[in-house]
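Survey of secondary and tertiary structure
Residues per chain are reported as follows:
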Amino acid sequence: MKFTEEHEWLRVEGDVVVVGITTHAAEQLGDVVFVELPEEGTTVSKDDEVVVIESVKAASDILAPLDGEIVEVNSPLADEPSKVNDDPEGEAWFFKMKIEDLSALDDYMDEAAYKNFIG
Amino acid sequence: MDELKRTPLHDLHIELGAKMVPFAGYEMPVQYKLGVLKEHLHTREKAGLFDVSHMGQVILSGESVESIALALESLVPVNIAGLAENRQRYGFFTNDAGGIEDDLMIANRGDHLFVVVNAACKTEDMALMRAGLEPKGVTPRLLGDRALLALQGPAAEDVLAGLNPAVREMRFMDVATVELAGAECWVSRSGYTGEDGFEISVPEEQAVDLARALLAHDDVEPIGLGARDSLRLEAGLCLYGHDIDTTTTPVEAALTWAIQKIRRNGGAREGGFPGAEKILAEFDTGASRARVGLRPEGRAPMREGVEIFAKAEGGAPIGRVTSGGFGPTTGTPVAMGFVDIDHAAPGTKLFGEVRGKRLAVEVAEMPFVTQTYKR
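Residues numbered from 1 in each chain as written. Chains lettered and ligands numbered in written order. Predicted model: local features only at pLDDT ≥ 70, side-chain atom pairs only at ≥ 80, totals over all residues. Heavy atoms only, no water.

Let's talk about the UniProt feature "binding site: substrate" (unreviewed entry) in chain B
Residues and elements named next belong to chain B. The test is simple: UniProt positions are given in the numbering used here, feature names are shortened, and annotations may be inferred rather than shown by experiment. Working definition: helices are DSSP H or I runs of at least four residues, strands are E runs of at least two. Numbering for both runs from the N terminus. In what follows, residue pairs with any heavy atoms lying within 4.5 Å of each other are defined as contacts.
UniProt tags Glu 199 as "binding site: substrate" (unreviewed entry). The topology assignment puts Glu 199 in strand β12 (residues 197-203). Other than its neighbours up to four places away in sequence, Glu 199 contacts Leu 149, Ala 150, Trp 186, Val 187, Ser 188, Ser 190, Gly 191 and Tyr 192.

Some words on the interface of chain A and chain B
Rule in force here: A simple way to read buried area is as the amount of 1.4 Å-probe accessible surface that goes missing from two parts once joined, with both sides added. By definition, a salt bridge exists where a carboxyl oxygen of Asp or Glu is found within 4 Å of a side-chain nitrogen of Lys or Arg. Contacts described as polar in this section are N or O atom pairs within 3.5 Å, which, within protein, must combine one atom able to donate a hydrogen with one able to accept it, while residues neighboring in sequence count only if both atoms come from side chains. Amino acids outside the nonpolar list (Ala, Val, Leu, Ile, Met, Phe, Trp, Tyr, Cys, Pro) and the charged list (Asp, Glu, Lys, Arg) are all regarded as polar, and Gly is one of them.
Every contact between the two is made by 14 residues of chain A and, on the other side, 12 residues of chain B. For the chain A and chain B pair, buried surface summed over both sides reaches about 1200 Å², with 47% attributable to carbon and sulfur atoms. On the surface where chain A and chain B come into contact, there are 3 salt bridges. The salt bridge involving Glu 36 of chain A is made with Lys 357 of chain B; its shortest N-O contact spans 3.4 Å. Summed over the shared surface of chain A and chain B, the number is 9 residue pairs in polar contact (both at pLDDT 80 or more). Of all the secondary-structure elements, those providing two or more residues to the side of chain A that touches chain B are β4 (32-36), β6 (49-55) and α2 (76-79) of chain A. Partitioned by chemical class, the residues of the side of chain A that touches chain B number 8 nonpolar, 1 polar and 5 charged.

Considering the pattern of salt bridges
Keep this limit in mind: Note on exposure labels: buried denotes an accessible area under 20% of the residue type's maximum, exposed denotes more than 50%, and partly exposed covers the range between, all computed with a 1.4 Å probe on protein chains only.
If you walk through the whole model with that rule in mind, you get 28 salt bridges over all chains. With a closest N to O distance of 2.8 Å, Arg 303 of chain B and Glu 54 of chain A form a salt bridge. One end of the pair, Arg 303 of chain B, is in the loop between β14 (289-296) and β15 (307-309); the other, Glu 54 of chain A, is in strand β6, on a second chain. Across the pair, exposure class does not vary: Arg 303 of chain B and Glu 54 of chain A are buried alike.

So, in structure tokens, the structure goes:
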């Protein structure tokens, strides 16, 4: 598992990367009431805004952590946004993306570094 | 920047795990451990305790309550002289352009009036009252030694009656002096959630004891400003500085119910408040825009600032959201805003532009939830 400074977690499954937000991020956001996911098949560049999540407090964007193609989205989340609070690092993943070069993940933090990052 | 002020309950908020944020010059709890959504739902199911000590509590004193009431009528287009002893009424200060300077609650407490104004407007309101009332022999005094608590929700009566059964006799908008947890409290049966409940002015040194006595009840949870906002939004109640301000008239803001007939054209005490000519004329001519409820059809919340359009494509905006978010009780996004009068009828299909997309929204009756006041 790798972590971004945007509080995303990235998990490699074969040749795809599964992306979600961390428990810490979900706690900071508060109760999530809306999730808008990208279309499957979309080609994205690193830092593109690919997911919109809104909590009772505010709207925030989830950025593409890497260049690649969105190959699958977790569509049930749109109907049950509260899952993001219930199980952010498990059931509530947002999308899976196929990337050219998995070594790009090396730039991101490991769990110990992320824990240190959030203090 | 000035140091943030703290309410007498500050340390209790910290002890209860509140997340504190700056609000109107105060450090205030935006939420506690339950979080906004659960705090909101708890208030509608049982009872929530709110610290609203940042609001301005003002005593208006003078020769007689009648003379004070008549003086205040020169600033507020409300029938205050007709307000019976131990009754309270909603009102607002108007300006010469017919806009609203602040909204407030006005209580007749026998030999004086007690008014509660918004925290952010305290200084301006005091200046406005001093200028308008002192020449008429009425002295406004901003109280610095009392906290203000609100206990809201269907269990509020039972909870408060546990401290003093006399509160059961009160009806919506009644006010009374009631001893609670050893403190002399000024209680009104009112609130800002759409639920039955009470607002309680308590001497600051006894505020924590009273709050603890209320929180000791199983049905009571502390509730932050986050849920206070979603509760009042579902109840269709205005937030000053957002839904109403110096540029919105009472007729535009759909607050004509607060201006009793006696202050309108043809009434015994018609006019006589700032902007009266414009405001009263609007009763006959109608306003060019109106504050309405808005129900987004999808799941995306439409927040303050979202522009409203008549069509799915093209055209200039015909309105704007002034308050919006997710309604935990309705389970849907809810909003209110101003739209041109031609598009203000309930049921009108409009579009709100969110992140560049025009999403369907319908003009809706407010409140979004049934009010449960004890009339």
